[in-house]
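What follows is the residue order along each chain.
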Amino acid sequence: MNRTVQPLDADALRAALGGRWAQVDVVERTGSTNADLLAAAADGAPDRSVLVADHQEAGRGRLARSWVAPPGSGLAVSVLLRPTGVPPSRFGWLPLLAGLALLDTIRAVTDVPAGLKWPNDLLLGAGQRKAAGILAEVGDALRPAVVIGIGLNVAASPPDHPGATSLAAEGATVDRGQVLTTLLGCLAERESAWRESRGDPEATRLRADYRAGCATLGSEVKVELPGGAALHGIAEDVDRDGRLLLLEPAGRRRAVAAGDVVHLRPSP
């Protein structure tokens, strides 16, 4: 068997993480790690719980899209965060923070060119093709709880996403366990600093680092909004709330909080 499809070792993962996560579970298969962890959050699962699936059969993406990968071909991991002390108004930074941690990971374990499409899609290679997505969901209204799911194509991309790519397709030979350990380490580091600053994206350089890694900025884009409307313009910046600042052709500037970005022309 190719080493990229060896089953993930839960004990090795816990040992490598050194207690940075309160609870780390690995299952052979499940429908959705996000759905499972949201249910666990409602039952009182602790802050910084992690759930990893070797095979996810009903993964969910943004805008109700499905994400199903061949067994052993990628990573499907969700984390539960209870960021007490951080104003809920700053929770919107968590999906971008997770995307940045994923970018940190790819740069640490490969030399594949990588960047982020706002808000948090991972783009790889000269063609800037999607290799990962992130979905954040809020649960447990009585206690702050955010579940962040990350799906990364390692050995192959899902067959129903013909425009996607994977680390292997871009020439990177990596071990899934190494990638996962690095990812959870980077995520723990970024999230801890963010939480200690009460979610301030400036104090932790979160906004500055995100802007530096975001391939969307400077590009001509179409933003497909929830509900079916679309905006066109130049992606100028990301504001203090993590919103995309769009300059429309008529000169009007808009702040976009949610939407699906299509790069029409890359940044110069």
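Refer to the structure presented above.
Basis of the calculations
- Residues numbered from 1 in each chain as written.
- Predicted model: local features only at pLDDT ≥ 70, side-chain atom pairs only at ≥ 80, totals over all residues.
- Heavy atoms only, no water.
- Helix = DSSP H or I, 4+ residues; strand = E, 2+ residues; numbered from the N terminus.
- Rg over C-alpha atoms; globule rule 2.2 N^0.38 Å.
- Contact = heavy atoms within 4.5 Å.
- Areas by Shrake-Rupley, 256 points an atom, 1.4 Å probe, with all protein chains shown as cover.
- Lys, Arg positive; Asp, Glu negative; His and termini not counted.
- Charge placed at Lys NZ, Arg CZ, Asp CG, Glu CD.
- Core = buried A, V, L, I, M, F, W, Y, C linked by side-chain atoms within 4.5 Å.
- Buried < 20%, exposed > 50% of the residue type's maximum accessible area, 1.4 Å probe, protein only.
- Phe/Tyr/Trp six-rings, centres within 6.5 Å; stacked < 30°, edge-to-face > 60°.
- Pairing = 2+ DSSP bridges.
- Axes fitted to C-alpha atoms, helices over the stretch in contact; angles between N-to-C directions.
- Salt bridge = Lys/Arg side-chain N within 4 Å of Asp/Glu carboxyl O.

> Account for the overall build of the protein chain, with residues named and values stated.
Counting its regular elements, the protein chain contains five helices and 14 strands. Its C-alpha radius of gyration of 18 Å places the protein chain within 12% of the 18 Å reference for a compact globule of 268 residues. Principal-axis analysis of the C-alpha atoms places the extent of the protein chain at approximately 55 × 40 × 30 Å. Considering only intrachain contacts with a sequence separation of at least 6, the fraction spanning at least 24 residues in the protein chain is 65%. For the protein chain, the exposed area adds up to about 11700 Å²; of that, 51% sits on carbon and sulfur atoms. Taken together, the 29 basic and 31 acidic charged side chains of the protein chain have centroids lying 5 Å from each other.

> I'd like to hear about the nonpolar core, residue by residue, with values.
Grouped together as the largest cluster of nonpolar side chains are 62 residues, with contacts concentrated most on W21, W118, L122, I148, L152, L184 and Y210. Considering every element that reaches this core, the biggest residue donor is helix 3 (residues 93-109), with eleven residues. In terms of nonpolar packing, the next biggest core, distinct from the first, is built from seven residues, L37, A41, A145 and V147 among them.

> Before we move on, could you go through the packing of aromatic side chains and cite the residues and values that matter?
Overall, the coordinates contain one aromatic pair when judged by the stated rule. Judged by centre distance (6.4 Å) and plane angle (85 degrees), the ring pair of W93 and Y210 falls under edge-to-face. Pair noted here: W93 is in helix 3 and Y210 is in helix 5 (residues 206-213), with a separation of 117 residues, a long-range link.

> Residues and numbers for the pairing of strand 9 (residues 145-153), please.
A large share of strand 9 lies buried, amounting to nine of its nine residues. Sheet topology note: the strand 5 (residues 74-81)/strand 9 ladder contains eight bridges and is antiparallel. Paired with L81 across the strands is V146, a residue of strand 9. Note: strand 8 (residues 129-139) against strand 9, eight bridges, orientation antiparallel. Residue pairing in the sheet places A136 in a bridge with I148 of strand 9.

> Account for unusual backbone geometry, naming residues and giving values.
Put simply, W118 and P119 share a cis peptide bond, and its omega is 5 degrees. Residue position: P119 is located in the loop between strand 6 (114-117) and strand 7 (121-124). Its identity is not glycine, yet R198 carries a phi of approximately 60 degrees, on the positive side. Counting through the fold element by element, R198 comes out in the loop between helix 4 (176-196) and helix 5. Take R198: its relative accessible area is 47%, and that puts it in the partly exposed class. One non-glycine residue, R205, lies in positive phi territory at about 65 degrees.

> So what about the sheet that holds strand 12 (residues 244-247)? Which residues, and what values?
With respect to topology, five strands assemble into an open sheet ordered 13-12-11-10-14, the strand pairing being antiparallel. Two strands close off the open sheet at either side, each with one partner strand: strand 13 (253-256) and strand 14 (260-265). Averaged over neighbouring strand pairs, the angle between their axes works out to 45 degrees when direction is ignored. Judged from the four bridges that link them, strand 11 (residues 230-238) and strand 12 form a sheet pairing that is antiparallel. By the bridge assignment, A235 is partnered in strand 12 with L246.

> Describe the pattern of salt bridges, listing the residues and the values that go with them.
As enumerated under the stated definition, the model contains 20 salt bridges in all. The shortest N-O distance in the salt bridge between D11 and R14 comes to 3.0 Å. Taken together, the residues D11 and R14, both in helix 1 (residues 10-17) and three residues apart, mark about one turn of the helix. Across the pair R205 and D209 runs a salt bridge whose closest N-O atoms are separated by 3.6 Å. Connected through shared salt-bridge partners, D200, E202, R207, R211, D237 and R240 make up one network.

> Account for the sheet that holds strand 9, naming residues and giving values.
The seven strands lie next to each other as 1-2-5-9-8-7-6, forming an open sheet whose pairing is mixed. The sheet is open, and its two edges are formed by strand 1 (23-30) and strand 6, each paired on a single side. In this sheet, neighbouring strand axes are inclined to one another by 20 degrees on average, regardless of whether the strands run parallel or antiparallel. Against the sheet, helix 4 contacts strand 2 (49-56), strand 5 and strand 9, and its axis sits at roughly 25 degrees relative to strand 5.

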